[in-house]
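Architecture and fold: a report
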Amino acid sequence: MGENAKLEVSLAKVEAANKIADPLELLSPFKKFERNGLNLRIECMKVANMEKDLVDWAFQLTKANMQKLYEESDWGWKDKDKYAEMTEDRAQYLVAFDVTTGKPVAFTHFRFDMELDDEVVYCYEIQLETECRRKGLGKFLMQILELLAFKTDMTKVMLTTFKNNKVSQDFFKKTMKYEVDEISPDDPLFDDAYHYEILSKPTKKSAKPTAPDTTTATQSQPVTAS
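What you see is a predicted model, and the numbers here were worked out from it, not measured in a lab. (Residues numbered from 1 in each chain as written. Predicted model: local features only at pLDDT ≥ 70, side-chain atom pairs only at ≥ 80, totals over all residues. Heavy atoms only, no water.)

In this structure, serine 73 sits in the loop between α2 (52-71) and α3 (79-86). On the basis of relative accessible area, serine 73 is assigned to the buried category, the value being 11%. Within polar-contact distance, the side chain of serine 73 engages the backbone oxygen of tyrosine 70 at 2.7 Å. Those residues in contact with serine 73 that lie beyond four places of it in its chain are Phe162 and His195. (Helix = DSSP H or I, 4+ residues; strand = E, 2+ residues; numbered from the N terminus. Buried < 20%, exposed > 50% of the residue type's maximum accessible area, 1.4 Å probe, protein only. Polar contact = N/O pair within 3.5 Å; in protein donor to acceptor, adjacent residues only side chain to side chain. Contact = heavy atoms within 4.5 Å.)

Before going further, it helps to examine the sheet that holds strand β1 (residues 32-35). Within the open sheet, the 8 strands sit side by side as β1-β2-β3-β4-β5-β6-β8-β7. Their pairing is mixed. If you trace the sheet from one side to the other, it starts and ends with β1 and β7 (179-180), each paired once. (Pairing = 2+ DSSP bridges.)

Where helix α4 (residues 137-151) contacts helix α5 (residues 166-175), the axes come no closer than 12 Å and their chain directions differ by 55°. Considering their axes alone, α4 and α5 lie oblique with respect to each other. Here α4 runs over α5; the crossing is right-handed. Residues Gly138, Lys139 and Met142 of α4 form the contact with α5, whose own contacting residues are Phe171, Phe172 and Thr175. By residue class, the composition of the contact of α4 with α5 is 3 nonpolar, 2 polar and 1 charged. (Axes fitted to C-alpha atoms, helices over the stretch in contact; angles between N-to-C directions. Parallel < 35°, antiparallel > 145°, perpendicular 65-115°, else oblique. Left-handed = near helix turned anticlockwise from the far one by under 90°. Nonpolar A, V, L, I, M, F, W, Y, C, P; charged D, E, K, R; others polar.)

A regular strand places its side chains on the two faces of the sheet in alternate fashion. As paired elements, β1 and strand β2 (residues 38-46) share 4 bridges and run antiparallel to each other. Note that in β2 the partner of lysine 32 across the bridge is arginine 41. Hairpin geometry of β1 and β2 is characterised by an intervening segment of 2 residues between the two adjacent antiparallel strands and by a positive phi of about 50° at asparagine 36. Looking at chain direction, β2 and strand β3 (residues 92-98) are connected through 7 bridges and run antiparallel. Each residue of the ladder has a partner; that of arginine 41, found in β3, is phenylalanine 97.

Looking now at the side chain of threonine 62. Tracing the backbone shows threonine 62 in helix α2. In this structure threonine 62 comes out as buried when scored by relative accessible area, which is 0%. For threonine 62, the side chain forms a polar contact with the main-chain oxygen of alanine 58, separated by 2.8 Å. Discounting chain neighbours no more than four positions away, the residues touching threonine 62 are Gln67, Trp77, Lys82, Met86, Phe107, Glu125 and Gln127.

By the criterion of burial, strand β8 (residues 196-202) is predominantly enclosed, with 5 of the 7 residues buried. Of the strand pairs in this sheet, strand β6 (residues 156-162) and β8 are connected by 7 bridges, and their pairing is antiparallel. Bridging from a neighbouring strand, leucine 159 pairs with leucine 199 of β8.

Turning to α3, its buried residues number three or more, namely Lys82, Glu85 and Met86. All buried residues of α3 lie within an arc of 95° about the axis, which places them on one face of the element. (Arc of directions from axis to C-beta.)

Turning to the packing of α2 against α3, a few remarks are in order. For the pair α2 and α3, the least separation of the axes is 10 Å and the interaxial angle reads 130°. It follows that α2 is oblique to α3 by the angle criterion. In the crossing of α2 with α3, the sense of the turn from one axis to the other is right-handed. Contacts between α2 and α3 involve Lys52, Val55, Asp56, Ala58, Phe59, Thr62, Lys63 and Tyr70 on the former and, on the latter, Asp79, Lys82, Tyr83 and Met86. Classifying every residue of the contact of α2 with α3 by side-chain character gives 6 nonpolar, 1 polar and 5 charged.

Have a look at this one:
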């Protein structure tokens, strides 16, 4: 198959994935999270179908968790730019709601997209309210993204993380087994030339990825992607 033909196949996969009304319907058993004192329902929605109050909550949580890290980087923080990124037409969200109160407590912003020649699930954000950390929820949400990537025939899950965010680095590299992607920028002469790196985890085409763990409690920390 020629390069153009391969690209057309990849684009078709992304288009098909984006047309799925509710990707979480592919993973119905994972619509709830009941452990470590949490009783949550998980919903998947496109940003166009989200109430403004919910979008605003997601933005404010991201700002509270990430603004300082942005300001310490070359990027800086701009409310307008981040809000525009979070409300881009292709943006989709997994949102965890407290079953008792109905309040949102965690989310991940992701997209089915092309990264160079690869069809991928790109995780733009994963943010948790303080009281929900260290209870396995972050790992659960990331594993759902990995399962969605498998179900929709994407090649991998990708994300961008700040190098100086040690907790995030440990979570993704040690707990979730993500590795530095081949497209991550690198300067062999200066380790600190770039303040971020791109991580990825290939989709296992030959075997179903490990389902969300029901016993291990881990902590998820903010992640941002460009």
